[in-house]
Amino acid sequence: MTGSPALTPPALSVQREGRPRLVVVGNGMAGGRLLEDILACDPQRFAITVFGEEPYGNYNRILLSEVLNGSQEAQNIFLNPLAWYAENGITLHAGRKVVRIDREQRRVYCEDGQSEPYDLLVLATGSKPFIPPIPGTTLRGVFVFRTLDDCRHIASYARQCRRAVVIGGGLLGLEAAKGLMTHDLDVTVVEMAPYLMSVQLDEPGGRVLGQTIERLGIHVRTATTTKEIVGHTHVTAVRFADGTEIPADMVVIAAGIRPNIDLARECGLACERAIVVDDQLRTSDPNIYAVGECVQHNGVVYGLVAPIWEQTKVLARVLTGSDPHARYTGSRIATRLKVMGVDLVSLGRIQDVQSSDEVVQFSEPARQVYWKAIIRNGRLHAACLLGDLGPADQLQRLFHSGAEVPQRRVEIFFPPAASAAPVTLADLPDAQQICDCNGVSKGTIVAAIRAGKCTLPAIGKATRAGTGCGSCKKIIKGLIECFADSVTPDPSEDWYVPAVPMDKPTLVAEIRRRGLKSVSAVLQELGHGEDEKSKNGLASLLKSLWGKEYIDERDARFINDRVHANIQKDGTFSVVPRMYGGVTTPDELIRIGQVAKKYQVPMVKITGGQRIDLLGIRKEDLPKVWADLGMPSGYAYTKALRTVKTCVGSEFCRFGLNDSTGMGIAIEKRFQGFEFPAKVKMAVSGCPRNCAEATVKDVGVVATEGGEWEISIGGAAGAHVRKSDVLCRVSSREEVLRIIGRFLIYYRDNAKWLERTYDFVPRIGLDKIRDIIVHDKLGLGEYLDAEVEKMAAAYVDPWLEREHPAYEGQFDGESRIPLPMVT
Ligand SMILES: Cc1cc2nc3c(=O)[nH]c(=O)nc-3n(C[C@H](O)[C@H](O)[C@H](O)COP(=O)(O)OP(=O)(O)OC[C@H]3O[C@@H](n4cnc5c(N)ncnc54)[C@H](O)[C@@H]3O)c2cc1C
Ligand code: SF4
């Protein structure tokens, strides 16, 4: 079905809150972008409800590969945090799958039977991984690669594996292979076609890519059909159609995707390969629209984001009525990808060759370079460039403009000398597309730079450029260097939180000068408007600045800080009692066991920080659990000092040079309850063997020869790994506590909201920090020491609120709504 005859905005009856009800099923890249586009057209038009099967806010699926290979933290790929939905009046049901649509009653139904009425419904259900019908796909150790949870499961399982097989040699398979390689696995990619990336490349190109990838240490088997994944309970090998077999501890299936259309098909919407839509993204039911990978338009189903952005823009205009004649006429696919570090540009469909087409090819095997262009009727119809993207800009221009290609076809790749003079970024035409993922042109980026957006994040926020796969970031940086000289940078880039136009030192000084002790007071006197994210940041800052004098307004805080426990994806909470230095007693262990039994705790887990975590506690049980435990809060839920991990140390260990356990306990007791712009982890080791892994903590202490302690700062061992920098050596417990205290307060006062020490220390510079903290060159020592005293004196175990709840209904039970992940 294409080209609907009725190009009119949907006729709507006025409903809830005087506004028509729009329900969106699917909170992925298409669903999320559609909401943004609708708000941009007319924020008041609809009462919007969104259902997303994944228990999170909307995130950038493209960046999952980076999460898997450890170059991005999961929390950084979120596009719209929880607060965004609330701020925009959108009701989000995260973690809830819609299982049925009643088109007659205009209602969607969830698994638990709950339903939601709609006036207009949009399906943005995306795709699901295709699982080949072979034995063994349900064994332990077999994964697909589509969601954040898949990524986490793969990364966690990979720790216990040595050999992995990836079934599928397309974009996803290669990204998965790269991710597995960074986990030190021996990886084999198996592809049924005779070459890799058969969607974007032709056979010679695919072979060049295969050789390049093998040089990176990944085994490649093409023209190989997988017959069976072998194993009893878990994977042990993969068997192929030719009878050969290779051992494997885990398997990632990346054998393609299938549009998620069960819901649409079951309610009788017209479906072929996907949900059939017209030029206004309308399905066969005039009240139901569809967008993204789940749709088929003009016979085409897309599997990349660029077409989706074009679709959501049209749909938003149609739905809001801001352009009732908007039409989606299909997309010309142009992608710039980085596959395992190998650059690739793909324009159109390279396999679509007709006998009358002209084909221009260039290959340079020694450099693994392969270029191919297909010319149809004198115009560039499709092209691929691999290994060297020299002619990419010229090809993209020809492809998008539909201009005639040069008479001497070879000039497509090698322009004549006069026009081959190096083109600077300044020379590029404004219409040149820079960010393919988001379809952002040079002109739009330059306009943002001229408006003062002079950093990558600021440009990303203003234009979305660089927020997709990230391969255009280098060009954006170049444009900033080119055009930002005469521009005054946007001051908001330095603001501590968006709602208060001040950098952190100014904000702190102003808060102190005016004696502002609550978030509402700060927002009223210094801010411009409400902003959930700002509230959390301000609450944390005020608490750390004022200690006991801080006026706690709970609505300014995230749920974790309101109930002093860590919310889990199913809406229950995790409870981690304080165990100073990781040391416990038989009595404490017995009590923990009794509590776990009494409240039927589904999981009791030892954490990476040497504590015991009781997972799955209901909100209404929290006060009783805390009372029964009789232990203080371990602060495992907030931006504060988390744990001080310790090794056995000189008390028992034959290598121990000093009492690391005692030191860890002293540190934890001194700084417990201190809140910071981000969480802080510490560790103490009793000798340089460093069993407590102190050199990858925000603050690490290691006992050295001669009774000294070496203090280091700025380490990390999560998705971001950084060895800490040595700050100084001291010789007594008191000095350790003093230096750490000064550093913590300095960090508290100067770090940006959510900035971990591993970013803070390099930003400020180790030498400068050492001058301030160790040598007191700025004369701040006295102030920093006094602040430590103040914060320590303000410490009150938050779990005492079990006796006197801070506000009515603090621990009331309610239907558990799984929450999007915001950290
Ligand atoms: C690892 C990876 C790397 C990629 N790299 C690139 C790249 O470099 N460039 C590029 O252009 N594209 C890339 N893609 C493809 C791109 O991510 C997709 O094109 C895009 O996410 C499709 O958006 P969508 O909203 O249609 O589907 P999705 O993003 O999959 O969102 C659909 C959402 O709907 C939810 N849902 C489904 N059914 C229901 C239901 N019944 N009830 C409630 N919720 C439901 C799903 O849980 C999902 O969250 C990549 C994809 C992956 C997985
Ligand atoms: S770090 Fe040193 S003292 Fe501590 S347990 Fe290891 S070997 Fe023993």
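Thresholds applied
- Residues numbered from 1 in each chain as written.
- Chains lettered and ligands numbered in written order.
- Predicted model: local features only at pLDDT ≥ 70, side-chain atom pairs only at ≥ 80, totals over all residues.
- Heavy atoms only, no water.
- UniProt positions renumbered as here; feature names shortened; annotations may be inferred.
- Helix = DSSP H or I, 4+ residues; strand = E, 2+ residues; numbered from the N terminus.
- Buried < 20%, exposed > 50% of the residue type's maximum accessible area, 1.4 Å probe, protein only.
- Contact = heavy atoms within 4.5 Å.
- Areas by Shrake-Rupley, 256 points an atom, 1.4 Å probe, with all protein chains shown as cover.
- Lys, Arg positive; Asp, Glu negative; His and termini not counted.
- Charge placed at Lys NZ, Arg CZ, Asp CG, Glu CD.
- Pairing = 2+ DSSP bridges.
- Axes fitted to C-alpha atoms, helices over the stretch in contact; angles between N-to-C directions.
- Near = heavy atom within 4 Å.
- Polar contact = N/O pair within 3.5 Å; in protein donor to acceptor, adjacent residues only side chain to side chain.
- Nonpolar A, V, L, I, M, F, W, Y, C, P; charged D, E, K, R; others polar.
- Domains from an automatic or database assignment.
- Phe/Tyr/Trp six-rings, centres within 6.5 Å; stacked < 30°, edge-to-face > 60°.
- Lys NZ or Arg CZ within 6 Å of the ring centre and 35° of its normal.
- Salt bridge = Lys/Arg side-chain N within 4 Å of Asp/Glu carboxyl O.

As named in an unreviewed UniProt entry, the protein is NAD(P)/FAD-dependent oxidoreductase, taken from Thermogemmata fonticola. Regarding the protein, the relevant UniProt record gives this comment under Sequence similarities (unreviewed entry): "Belongs to the nitrite and sulfite reductase 4Fe-4S domain family." In its Pathway (unreviewed entry) section, the UniProt record describing the protein reads: "Nitrogen metabolism; nitrate reduction (assimilation)."

A. Representation of the overall build of the protein within the structure. Within the protein, the secondary structure is distributed over 24 helices and 40 strands. With the C-alpha coordinates of the protein rotated into their principal frame, the extents come out at 85 × 65 × 65 Å. Evaluated residue by residue, the protein yields a buried proportion of 54% over its 823 residues. Contacts spanning at least 24 positions in sequence make up 64% of the contacts within the protein whose residues lie at least 6 apart. Accessible area for the protein stands at about 35100 Å²; split by element, carbon and sulfur atoms hold 51% of it. In the protein, which carries 99 positive and 100 negative side-chain charges, the distance between the mean positions of the two groups comes to 1 Å.

B. Expanded view of the sheet that holds strand β12 (residues 163-167). Taken together, 5 strands build an open sheet; the order of strands is β11-β18-β12-β13-β14 and the sheet is parallel. Looking at the sheet topology across the chains shown, the edges are occupied by β11 (142-144) and β14 (219-221). Geometrically, the sheet is characterised by an average inter-axis angle of 20 degrees between neighbouring strands, direction not taken into account. Relative to strand β13 (residues 186-190), β12 is paired through 5 bridges, and the arrangement is parallel. Paired with Ile 167 across the bridge in β13 is Val 190.

C. Structural view of the site of ligand 1. Taken together, 32 residues sit near ligand 1, with Ala 30, Glu 54, Arg 61, Arg 146 and Glu 293 positioned nearest. The contact in question runs from an oxygen atom of ligand 1 to an N or O atom on the backbone of Met 29, over 3.2 Å. Note that an oxygen atom of ligand 1 is positioned 3.5 Å from one of the backbone N or O atoms of Ala 124. Those elements that place two or more of their residues in the shell around ligand 1 are α1 (29-41), β2 (47-52), α2 (64-68) and α8 (305-320). Grouping the amino acids of the shell around ligand 1 by side-chain chemistry returns 15 nonpolar, 10 polar and 7 charged. Mapped onto the domain boundaries, the shell around ligand 1 takes at least three residues apiece from domain 1 (21-126 + 260-320) and domain 2 (129-258).

D. Seen up close, the site of ligand 2. Close to ligand 2 lie Cys 647, Val 648, Gly 649, Cys 653, Phe 655, Gly 656, Gly 686, Cys 687, Arg 689, Asn 690 and Cys 691, which account for all nearby residues. Residue composition of the shell around ligand 2, by class: 6 nonpolar, 4 polar and 1 charged.

E. Focus on the side chain of Thr 226. Tracing the backbone through its elements, the reader meets Thr 226 in strand β15 (residues 226-230). For Thr 226, the contacting residues outside a window of four places in its chain are Ile 134, Ile 167, Val 190, Val 238, Arg 239 and Phe 240.

F. The packing of aromatic side chains, seen in detail. Inspection of every chain in the model, using the stated rule, returns 20 aromatic pairs. When the ring of Trp 371 is compared with that of Phe 413, the centres are 5.3 Å apart and the planes differ by 55 degrees; the resulting orientation is tilted. Separated by 42 residues along the polypeptide, Trp 371 in strand β26 (residues 369-376) and Phe 413 in the loop between α9 (392-401) and α10 (417-420) bring together distant segments of the chain. We classify Trp 371 as buried; its relative accessible area is 5%. Under the relative-accessibility criterion, Phe 413 is labelled buried at 5%. Ring-pair connections join several aromatic residues into one group, and the members of that group are Phe 671, Phe 674, Phe 676, Phe 743, Tyr 746, Tyr 747 and Phe 760. In this structure, Arg 100 packs its charged tip against the face of Tyr 109, placed 4.2 Å from the ring centre. Its guanidinium or amino end placed over the ring of Phe 130, Arg 258 lies 4.0 Å from that ring's centre, counting from NZ or CZ.

G. Fine view of the pattern of salt bridges. Per the counting criterion, the structure on display carries 49 salt bridges. With a shortest N-O distance of 2.9 Å, Lys 645 and Glu 693 are connected by a salt bridge. Taken as a pair, Lys 645 in strand β34 (residues 641-646) and Glu 693 in the loop between β35 (680-685) and β36 (699-704) lie far apart in primary sequence, 48 residues in all. Its salt-bridge partner being Asp 767, residue Arg 770 comes within 3.3 Å of it at the nearest N-O pair. Of the two residues, Arg 770 and Asp 767 are both situated in helix α23 (residues 766-773); the distance of 3 residues between them amounts to about one turn of the helix. Connected through shared salt-bridge partners, Arg 512, Arg 748, Asp 749, Glu 787 and Lys 790 make up one network.

H. Summary view of unusual backbone geometry. For Arg 106, which is not a glycine, the phi torsion comes out positive at approximately 55 degrees. One can find Arg 106 in the loop between β6 (98-102) and β7 (107-110). Since its relative accessible area comes to 31%, Arg 106 is described here as partly exposed. With phi around 65 degrees, Asp 184 is a residue other than glycine that occupies positive phi space. By secondary structure assignment, the location of Asp 184 is in the loop between α5 (171-181) and β13.

I. Fine view of the UniProt feature "binding site: [4Fe-4S] cluster" (unreviewed entry) in the protein. UniProt marks Cys 647, Cys 653, Cys 687 and Cys 691 with the feature "binding site: [4Fe-4S] cluster" (unreviewed entry), using the numbering shown here. In three dimensions, the annotated residues from a span of 45 residues occupy one location, with a maximal C-alpha spread of 10.9 Å. Position of Cys 647 relative to the elements: it lies in the loop between β34 and α20 (660-671). Contacts of Cys 647, omitting those with residues within four sequence positions, involve Ser 660, Thr 661, Val 684, Ser 685, Gly 686, Cys 691 and Ala 692. If you trace the backbone, Cys 653 turns up in the loop between β34 and α20. Cys 653 sits in the partly exposed class, given a relative accessible area of 30%.

J. Here's a closer look at the sheet that holds strand β1 (residues 21-25). Taking strand neighbours across the sheet as the criterion, the 5 strands line up as β5-β2-β1-β9-β21 in an open arrangement whose pairing is parallel. This sheet does not close on itself; its edge strands, each paired only once, are β5 (91-94) and β21 (288-290). The sheet shows a mean angle of 15 degrees between the axes of neighbouring strands, direction not considered. Two elements, β2 and β5, share 4 bridges in a ladder whose sense is parallel. Bridge assignment links Val 50 to a residue of β5, and that residue is Leu 92.

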